[in-house]
Amino acid sequence: MSFSISAIIPTTLCWILLSSSIVAKNHLAGESSPHLLEHANDLVNWYPWGDEAFQQARTEKKPLFISIGYHSCHWCHKMKLESFQDPAMAKLLNDHFINVKVDREELPDVDRIYMAYMQASQGSGGWPLNVWLTPDLVPFSVGTYFPPTSSSRQPAFEKVLSHIINQWKRFPDYIDSQSRRDLSKLRSKIQDLPAADPAKTGTSNEQLLAAYERLSTEFDPQHGGFGSAPRFPNPSKLSTAHLIISREKEGSFRASQCQKMINLSLSKMAAGSIHDHLGGGFHRYTSDPAWAIPHFEKMLTDQALLLDAYLEGYQSNGSADYLKVAKGIAAFTTSTLAAPGGAFYSSVHSDSSRSADSEELEEGIFYTWKADEFAQAAAGDAAILANYYGVRPEGNAPLGAGKLNGENINVLRIDQSLTEVAAKFGLGKAAASAAIARGNAGLLAARNRRPAPPLNRQIVAASNGLMISALAKASITTGIGEYLDHAVAALSFIRDNCYDANSSPPLYRIFDPEGLSQAGSADDYAFIIQACLDLYTADLDERWLLFADDLQKAQNKYFFDKANGGFYNTSRSRADVLIRLKSYEDGAELAPNSSSILNLVRLGNLLANEEYLRMAKQSLGCFRGAIDRMPTLSSRILLANTMLDAAPLQVVVVGGREQKDTLELLAVAHHESVTGQILLLIDPSVLDNPLVARNPRLSNFKAIDGKATAYICRDFSCKAPTTDPT
């Protein structure tokens, strides 16, 4: 596209005396977003995204400079310090642009639109996402982080601004017309989804075979995981491998290969520095393929998806190590990320300060160690721990680790196995394990005396939904009731504080005690509906199923494309977005369409709702061509297609909720659950059961002789009922 940053020719900028265009305060002070408030005292005259900024740009005939980031983003913070608080940079921005700061947590739909532009024009993306728009919000230039001085890889931010200012002054009409043509091409590229391959049938078996071939190509047989560096965990692809196993004959070659992919990936991640071995949970990604050098932020979304991944791994091979990792994720989330009232905060920053009296933030300083610090904290077990984690006086950060390299810095990763360490020190495995536990306790205590990285205290519906789902599943897998309590508390908080049945649309994205204002996006609906369904499966409380149905009706009304199928990211009431995207590809983050389609299939089978199933089929048709081209793009879409190809197993239990025999039948249903299984509980003691009102077929299910009774069905066509849990 025209005027892409990669094509900028370096120019010389003469420094100009500062003028009154430098402002002491901007328009962000009244915002609730932590990311925006972080920039409220920048020298840049920031506006929040909205009509005031857009009108100002039209009045002054200036382009808009949009900087999109989030609170725990290291490079966003770095650019703030280097450029947005620099007087000369602020003068350039204030004199020549209307400047808008966007929190992608608040406005994911805005972020996705301009990220799509970035990826279409440059083939990559990241944050901060810096984009220049015409006064009509049409993008014409884009980039991510820009340094204060030029390098061989990037121009200095000053040169970028100078070039754009010069081009806008000389060719405003050309930029406007060319950017509109580029936007039209982008809109066509995004909205004209790939056509289905006429040589393919679109059946789930065909898609799963193609997905296996693709996974085999993308898999890293040395380090586990998929794709190249930077390396994200990408749990969706592990779920695809699990789905393939569930549809293969036991012991088949494909099943065994998929299990190897799962085992190696989970084991390597658990051993790597992407895993917080002391505090539990996982960092965002690593800059290398060996999971060795992490980007240290810890996000609620990642914890949820990886908790789910390690639970699935534990279920598939019974590994106690995977269960331990899963419990560590849950412990970190329910402590560090726990918010008052039961919900969860969004993230922990990657940066922190070296000391309480220092304001300078450095990435990873909270998690890394000098050898002498490590030895002092691990005390008498230091030698064992140093071998276990590969800690060395010269540091263990490999070449190419950027700032960590050459500073004698150690990151914790399992360098030698427990068996190897025990043998080296002449210990039994139990004694070596006890030594590592003691040393870890000392290290954690020492680390907790350091200034902690800041928390992003936003409570976002979508990411809470993912964690609620994971905790609900954890309660079934482990039998730990505390996980279920946390899931119930979190979903109750979202329902009570982010949902208003009288609003249009009714779901809000971010909890704000001062008043809800940010309408929910498609991913908020998708992941909260999913949370309702997973929590219903765990505790069989029909209020969650009814809430899911209410939310599904609202999502259908405001987001569904009736003509072509699929859900738009933004509701039809939004007027400030240029393109209504339909995100469907699961990567480091889940796309709303993949979960939304699966929600329709699950609800359709739970409530015998043929309209939901019809919408799911239409939506799968919408994305059929994309699946043909890239069969691993979403495990949830593959599962939805599988459940539509062959009606899923339905288990209907009729009995009193607290009856002993009912609980015994439910325990068996949970323990023997198969992929895609639908579980329903009908309590005959509940008069005018609202669940039966929404699914009249359930009135046909009766208890036998007053005993709890289970029916095994497909499409509500059932085998003979049983009262025997064995």
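Remember, it's a predicted structure, so these values are computed and weren't measured experimentally.

1. Quick notes on the pattern of salt bridges
Opposite charge on two side chains makes pairing possible when the charged atoms of those side chains draw close. Under the defined criterion, the tally for this structure stands at 37 salt bridges. One salt bridge in this structure joins D95 and K91, with 2.5 Å as the shortest N-O distance. One end of the pair, D95, and the other, K91, are both in helix α4 (residues 87–96), 4 residues apart, so they sit about a helical turn from each other. One salt bridge connects D176 with R180, and the closest N-O pair in it is separated by 3.2 Å. With D176 and R180 both in helix α7 (residues 172–191), this residue pair falls 4 residues apart, about one helical turn. Residues joined by salt bridges that share partners form a network here, namely R104, D111, R284, D302 and E589.

2. Let's talk about helix α8 (residues 204–218)
Its 15 residues give α8 an end-to-end C-alpha distance of 21 Å, which sits within 8% of 21 Å, the value for a rise of 1.5 Å per residue. For α8, every residue scored as buried is listed here: S204, Q207, L208, A211, Y212, L215 and E218. Down the axis of α8, the smallest arc covering the buried residues is 145°, so these residues share one side. In α8, those exposed residues whose orientation departs by more than 90 degrees from the buried face are N205 and T217. Of the surrounding elements, those touching the buried residues of α8 are α9 (235–247), α10 (253–271), α23 (624–629) and α24 (635–645).

3. A short note on the packing of helix α22 (residues 610–622) against α24
Following both chains from N to C, one finds α22 and α24 inclined at 125°, their axes separated by 11 Å at the closest point. Taken together, the axes of α22 and α24 are oblique relative to one another. Classified by chirality, the crossing of α24 by α22 is left-handed. Along its contact with α22, which presents L613, A616, K617 and L620, the element α24 presents I637, A640, N641 and L644. Here the contact of α22 with α24 is built from residues that sort into 6 nonpolar, 1 polar and 1 charged.

4. Concerning helix α5 (residues 108–122)
The terminal C-alpha atoms of α5, which comprises 15 residues, lie 20 Å apart, in line with the 21 Å expected from a rise of 1.5 Å per residue. Turning to α5, its buried residues number three or more, namely P108, D109, V110, D111, R112, I113, Y114, M115, A116, Y117, M118 and S121. Of the surrounding elements, those touching the buried residues of α5 are β2 (64–69), β4 (129–133), β5 (139–143), α7, α19 (522–539) and α21 (592–607). At the exit of α5 stands G123, carrying a positive phi of roughly 80°.

5. Notes on the side chain of N99
In this structure, N99 sits in strand β3 (residues 98–103). Judged by its relative accessible area of 1%, N99 falls in the buried class. Reaching out from N99, the side chain makes a polar contact with the backbone oxygen of L93 at a distance of 3.2 Å. At 3.4 Å, the side chain of N99 and the side chain of N94 are in polar contact. Among all residues touching N99, those that are not within four sequence positions of it are V44, N45, W46, Y47, F65, L93 and N94.

Thresholds, definitions, all that
- Residues numbered from 1 in each chain as written.
- Predicted model: local features only at pLDDT ≥ 70, side-chain atom pairs only at ≥ 80, totals over all residues.
- Heavy atoms only, no water.
- Salt bridge = Lys/Arg side-chain N within 4 Å of Asp/Glu carboxyl O.
- Helix = DSSP H or I, 4+ residues; strand = E, 2+ residues; numbered from the N terminus.
- Expected span 1.5 Å × (residues − 1).
- Buried < 20%, exposed > 50% of the residue type's maximum accessible area, 1.4 Å probe, protein only.
- Arc of directions from axis to C-beta.
- Contact = heavy atoms within 4.5 Å.
- Axes fitted to C-alpha atoms, helices over the stretch in contact; angles between N-to-C directions.
- Parallel < 35°, antiparallel > 145°, perpendicular 65-115°, else oblique.
- Left-handed = near helix turned anticlockwise from the far one by under 90°.
- Nonpolar A, V, L, I, M, F, W, Y, C, P; charged D, E, K, R; others polar.
- Polar contact = N/O pair within 3.5 Å; in protein donor to acceptor, adjacent residues only side chain to side chain.

Interpretation note: all reported values are geometric properties and have no functional meaning in isolation.
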